[in-house]
Structures are given as C-alpha cells and as structure tokens.
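# Chain and residue survey
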Amino acid sequence: MKKEIQKILVTGAVGQIGSELTLALREKYGSDNVVATGRKTEPSPALRDSGPFYFIDVMSRESVEEVVKKHDIDTIVHMAALLSGVGEKNPELCWKVNMDGTMNVLNIARDYEMAQVLVPSSIAVFGKGVSLDNTPNDTVLKPTTMYGVTKVCGELLCDYYVDKFGLDVRGLRYPGIISAETLPGGGTTDYAVAIFYDAVKYGKYTCFVREDTMLPMMYMPDCIKATMDLMAAPFDSLKHHSDFTVDGISFTAKELADEIKKHLPHFECAYEPDFRQAIADSWPNTWDDTPAREEWGWKPAYDLASMTKDMLDILSKRHAAGKL
Ligand code: SER
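Structure report, in brief. Only a predicted model underlies this, so the values are computations on that prediction, with no experimental measurement involved. (Residues numbered from 1 in each chain as written. Predicted model: local features only at pLDDT ≥ 70, side-chain atom pairs only at ≥ 80, totals over all residues. Heavy atoms only, no water.)

Counting its secondary structure elements, the protein chain contains 12 helices and 14 strands. The C-alpha atoms of the protein chain give a radius of gyration of 19 Å, which matches the 20 Å a tight globule of 324 residues would have. Projected onto its principal axes, the C-alpha coordinates of the protein chain cover approximately 60 × 45 × 35 Å. For the protein chain, the proportion of its 324 residues judged to be buried stands at 56%. For the protein chain, the exposed area adds up to about 13900 Å²; of that, 52% sits on carbon and sulfur atoms. (Helix = DSSP H or I, 4+ residues; strand = E, 2+ residues; numbered from the N terminus. Rg over C-alpha atoms; globule rule 2.2 N^0.38 Å. Buried < 20%, exposed > 50% of the residue type's maximum accessible area, 1.4 Å probe, protein only. Areas by Shrake-Rupley, 256 points an atom, 1.4 Å probe, with all protein chains shown as cover.)

On to the sheet that holds strand 7 (residues 169-170). Strand order in the open sheet made by the six strands is 3-2-1-4-5-7, with parallel pairing throughout. Of all the strands in the sheet, the pair left with one neighbour each is strand 3 (53-55) and strand 7. Bridge count for strand 5 (residues 116-118) against strand 7 is two bridges, and the pairing is parallel. Looking at strand 7, one finds that Leu118 is bridged to Arg170. Across the sheet, helix 8 (residues 220-232) is in contact with strand 1 (8-11), strand 4 (75-78), strand 5 and strand 7; its angle to strand 5 comes to roughly 155°. (Pairing = 2+ DSSP bridges. Contact = heavy atoms within 4.5 Å. Axes fitted to C-alpha atoms, helices over the stretch in contact; angles between N-to-C directions.)

Attention shifts here to the environment of Asn33. If you trace the backbone, Asn33 turns up in the loop between helix 1 (16-29) and strand 2 (34-38). Classification of Asn33 as partly exposed rests on a relative accessible area of 25%. A C-alpha to C-alpha distance of 39 Å links Asn33 and Ala199, two positions 166 residues apart in sequence. Residues contacting Asn33, with those up to four places away along its chain left out, are Gln6, Lys7 and Ile8.

This next bit is on helix 9 (residues 253-263). For helix 9, the full list of buried residues reads Ala253, Leu256, Ala257, Glu259 and Ile260. The buried side chains of helix 9 occupy one side of the element, clustering within an arc of 160° when seen end-on. The elements touched by buried residues of helix 9 are helix 7 (191-202), strand 10 (204-207), strand 13 (249-252), strand 14 (268-271) and helix 12 (304-320). (Arc of directions from axis to C-beta.)

The subject of this paragraph is the pairing of strand 2. Taking burial as the measure, the five residues of strand 2 include five buried ones, the bulk of the element. By the alternation rule, side chains of strand 2 split into Val34, Ala36 and Gly38 and Val35 and Thr37, which are all buried. Two strands pair when backbone bridges link them, and strand 1 and strand 2 are joined in this way by three bridges, in the parallel orientation. Bridge pairing in strand 2 places Ile8 opposite Val34. Note that the unit made of strand 1, helix 1 and strand 2 has a crossover that is right-handed. Sheet topology places strand 2 next to strand 3; three bridges connect them, and they run parallel. Opposite Thr37, over in strand 3, you have Tyr54 as the bridge partner. (Right-handed = clockwise from strand over helix to strand, strands pointing away.)

Here we take up the side chain of His240. The topology assignment puts His240 in the loop between helix 8 and strand 12 (244-245). You can call His240 buried: its relative accessible area is 14%. Engagement of the side chain of His240 in a polar contact is seen with the side chain of Asp138, the distance being 2.9 Å. A distance of 2.7 Å separates polar atoms of two side chains, one belonging to His240 and the other to Glu295. The contacts of His240, once residues within four sequence positions are left out, are Asn137, Asp138, Pro291 and Glu295. (Polar contact = N/O pair within 3.5 Å; in protein donor to acceptor, adjacent residues only side chain to side chain.)

Structural data, given as structure tokens:
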C-alpha cells in the first residue's frame, strides 16, 4: 500500500528554489507539516515565521536523522546542493555535499520506510556527445562539470534505490530558474536573474556569457508547479523516476536583454564572458521533455514576455519602496 505524504523535510530550504517551494508546500500540506532546514544562511522572516526551521548538515547522517525522528518525517525534498559555478571552484566539496547529502537522504528514507523522496537534477547532466538542440530526455550523459557529474550520479543512485529497495524516489531536471525572491547561489544560469536586478537598480548589466548564448530557463511559478505536480503524480503512472527533463523557455542572453528593453528602454547590456561560458556552451540550447508531459502531464505556463513583465513588476515595486 502506497504511503501518503504527510510530514515533509526540506533540505536547502533557504536557497533560491527551497525558499519558495517550502512556502508552497506549507500552503498545501500545513505549516507544521513542512520542516525547513538550511546550512548556515539565516532564513527569511517569511520562512522562519511560517513553520519549523533547523540548521543541519546534509553531509552528516546524524544531523539529518535527528530532525527526521523529532518530527516523524515521511517525505524528504532534498534541495541542498552546490551549483555549477561554485562547484568548479571547489570540485571536492561539490562532490561531498551533493553525493554524501543525497546518499544520506536516501539511506534515511529507506531505513524509515518513507513515503517519498524528491531529489532534483539539472540541465547540467548533459555535455559531450549529444545534440544541444532539442536534446532528448534519454540520451548520453557526459557532463563536463563536477556539478553535472554529481547530478548524473545522483539520478543513477536514486533510480537504484527505486529498483533495489522499492523506495519512491522522484527527480526532475531543472533548467535555469528565474525568480525575484531569493538570489541563486553560484550557478551558470545566474545571469538570467542578475540581469533583472541590475536593470531595475542601475539600468545596465554586464553579462558573463556571450549574447548568443541560449539555455533553457524557467520562471519560479512553473518550477514550483512542476515540482509539486511530480510529487503528486501516482507512482504507477511513472516509467521514469529521477530524470525528468522539464522544459520552460529557451532564449539567448540578447533576447532576454531585448525583452527587458521593451519595458526599460534605456537599459544597456554588455557582455564579458568568463569561465562559465564554457559551461553554458556544454549545455542544451533547447531540450525535449516528452516523458514529463506524457507521464504526469507537465506543461509550463510562462513565456519570455510574461515572465519578464512579472519579474520587472515585482522588482520595480520593491525598488520604489527602497527594498532592493
Ligand atoms: N542553475 C544551475 C546552474 O547554473 C543549473 O541547474 O548551476
């Protein structure tokens, strides 16, 4: 008999996705039933005041297990990870945080016979030996970054726990996520968020990838919806488990700058590529997400125009209130 999701632990709850996902989960499952955890960064008042919060270290099984026991957790949403840019600067730490963290979460979930574990993956699983246009879901995975290596290993490890132990593990490959609440923490796609903040604050931005760089991106409301829809899908309808590509919007850095210019005509964007250009060049321009659409009905709502308008509305209001 499949167990129901009742008490959720979110790791990485202070991060870009975790901070908004935790609030959405609290809305759906009840505030006290969603326990937020982070490593060092202080939670926002919204996160801290809306339910339980703990500092933990995902690299320590005991540290995670203590909260699991205390709150009778039956589901773990494991968002804690080091991203691609930071990971290239410290590959060993990236391996430890991403792999030890995932292994600890999976072992605890198996030992406590949990209802579900969600471990996100990324666009970063792709790399060499694959077409970067309309990249298929199921294809060669030869990443060129340590972050990508940990995400491929993570997908394989999660699927292993499904096959070997019958644990319900799910995961989706996020594209670059664009949002206005919490800044991303050191990824290659961070320029697509920073450009909005700098456009509103300074009217100009220096982008760290070339203007013709195209990557798949997604606006946060779609990211939250994709995550919660996958969590809610009947297990029996899934053929894939930990490696669902989810498409949002693909655009070049220049197309994004041009869209912002429609609202802020004086906005200027310069391009000074750094080490992250090579990472961006190794990832898909566009990708195919047929399994997510077929197996759990995935469909994004936002396009470039609606996402840009929404981001600028939110950030302009905050700027006018002196809070940006
Ligand atoms: N946003 C991530 C990064 O750029 C990709 O998953 O590292």
